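Coordinate inspection notes
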Amino acid sequence: MSQDVGVGGERTANVIGAGLMGGSVGMALRAQGWTVYGSDRDEMAEQRGVERGAFNAVGMCETATLTFVCTPVLVAAAVALDALRHGGVVTDIGSVKAPIVEAVGHPRFVGGHPMAGSELDGIDGSDADMFQGRTWVLTPTERTDTDAYALLHAVVTSFGALVVSVPPQQHDRLVATVSHVPHLAAASLMSVAADGALEHSTLLRLAGGGFRDMTRIAAGHPTIWLDICETNRDAIVSGMDELINDLGRMREVVATGDRDRLRTLLQRAREARINLPVGAPPAEELVEVRVPIPDRPGFIAEVSTLASQLGVNIYDVEISHSSEGGGVLVAVIAQTASDLLRGGLIARGFKMSVAPLGLA
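The text that follows walks through the structure, step by step, so that each part is easy to find. Each residue is numbered by its place in its chain's sequence as written, counting from 1. Side-chain atom pairs in this predicted model are given and counted only at pLDDT of 80 or more, local residue features only at pLDDT of at least 70, and totals for whole chains, interfaces and linings cover all residues. Hydrogens and water are ignored here; the side-chain numbers use all heavy atoms of the structure.

Quick word on the pattern of salt bridges
Where charged atoms from two side chains of opposite charge come close, those side chains can pair. Convention followed: Basic side-chain nitrogens of Lys or Arg form a salt bridge, by our definition, when they fall within 4 Å of a carboxyl oxygen of Asp or Glu. Under the scheme used here, helices are H or I runs from DSSP no shorter than 4 residues and strands are E runs no shorter than 2 residues, and both carry numbers assigned from the N terminus. Burial status follows relative accessibility: with a 1.4 Å probe on protein chains alone, a residue under 20% of its type maximum counts as buried, one over 50% as exposed, and anything between as partly exposed.
Per the counting criterion, the structure on display carries eight salt bridges. For D260, the salt bridge goes to R263, with nearest N and O atoms at 3.3 Å. A residue pair is termed a helical-turn pair when its members lie 3 or 4 positions apart in one helix, as D260 and R263 do in helix 10 (residues 259-274) at three residues. The exposed category is assigned to D260, whose relative accessible area is 55%. A single salt-bridge network, built from bridges that share partners, covers R48, E51 and D124.

Given below as structure tokens:
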């Protein structure tokens, strides 16, 4: 990894790891006007990152405002701790959060996980638009600095991502269900088809859109999944057990010819798929929720995770500081969700106000 040191600034960032995700983060940052320094153990990947426009220069800026750790999950904590020595806010992009967040345990570290990817490998597959319309999970804790969280939230939403905040342990359980187990299931389904193709050479040629959609993620690079399955083993095994049980129930329904029950299961799945969340509503349908920040730790984690638990999307967040001390959390949400979030905040003893966007 290059040890070159750059000159910092308010919109200067480091990206550690010049792979597919690190390159995409660098490109997204540069598209928003950031100066980006990139580093990797592979010097060729570093230089390729500059050539592709992911990085302005190779190296680490010791006074960077923000550092993204885009390394394999097994080394992310150590890399993050080293980056924190230089100051600034540090985050990672690993798909397993609890072990990393616990190992780092610093107010300026906010665990992160963009739910995005590509079948392409390495820096050459990077794309500035990779995070557009995708979910980016943040995992604040009781230690998380409110300004650090607000900065990171603002940056990733500027990429076009939708932020969801959950506790690290809950993240790992949920992501096992929606990401890790589906990948392994896709790999298994692809293996079944490949085995059949040895005997029936035309099988894979007959694969339609549904098969291709379900197995697309199996084309991802296998190396990262070794680390993921090691660090999130318990949640993945639990999720696989649930899938196996559900497949068993579906098998029974098909085997017994129970059309009514089959219709019910398929309709339930269809409705759940149709109701997957979409992007932000227009500005006129948004409101600002303003919550005074109490003098106690864990505030940002409590509010942000409460919103996620209630199904309320926070489209933007900032911390407004006063000259007398203290501050106010300003969260932008859909007007239709304001009563729900208001009730949740009041039930937890928070004072708050709601006003149309820009009029608070």
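Observations regarding the sheet that holds strand 8 (residues 109-114)
Put simply, the rule reads: One bridge is not enough; two strands pair if DSSP finds at least two bridges between them.
Reading across from one edge, 4-3-2-6-7-8-9-10 is the order of the eight strands in this open sheet, with mixed pairing throughout. This sheet does not close on itself; its edge strands, each paired only once, are strand 4 (57-58) and strand 10 (162-165). Across two bridges, the pairing between strand 3 (residues 35-39) and strand 4 is parallel. Note that in strand 4 the partner of Y37 across the bridge is A57.

Concerning helix 3 (residues 73-84)
As a reminder of what qualifies: For a helix, the expected span equals 1.5 Å multiplied by the number of residues minus one.
Its twelve residues place the ends of helix 3 17 Å apart at the C-alpha level, agreeing with the 16 Å of an ideal helix rising 1.5 Å per residue. Those residues of helix 3 that sit buried are V73, A76, A77, V79, A80, A83 and L84.

Section: the nonpolar core
Stated precisely, the cut-off is as follows: For the purposes of this section, nonpolar cores are sets of buried Ala, Val, Leu, Ile, Met, Phe, Trp, Tyr and Cys residues that join through side-chain atoms within 4.5 Å.
Within the largest apolar cluster, 55 residues are counted, with the highest numbers of intra-cluster contacts made by L29, F68, F131, W136, F159 and L345. One finds V69, A76, I100 and F109 within the second-largest nonpolar core, a separate group that totals 15 residues.

So, the sheet that holds strand 11 (residues 286-292)
Short version of the rule: For helices, the fitted line uses only the C-alpha atoms of the stretch in contact; every axis is such a line through C-alpha atoms, and the angle between N-to-C directions lies from 0 to 180 degrees. Residue contacts are counted whenever heavy atoms from the two residues lie within 4.5 Å of one another.
The four strands are arranged 12-13-11-14 in an open sheet whose pairing can be described as antiparallel. One side of each edge strand has no neighbouring strand; the edge strands of this open sheet are strand 12 (316-321) and strand 14 (353-356). Going from strand to strand, the sheet's axes swing by 25 degrees on average, the running direction of each strand aside. Lying on the sheet, helix 12 (residues 338-347) is in contact with strand 11, strand 13 (327-334) and strand 14; it crosses strand 11 at an angle near 10 degrees.

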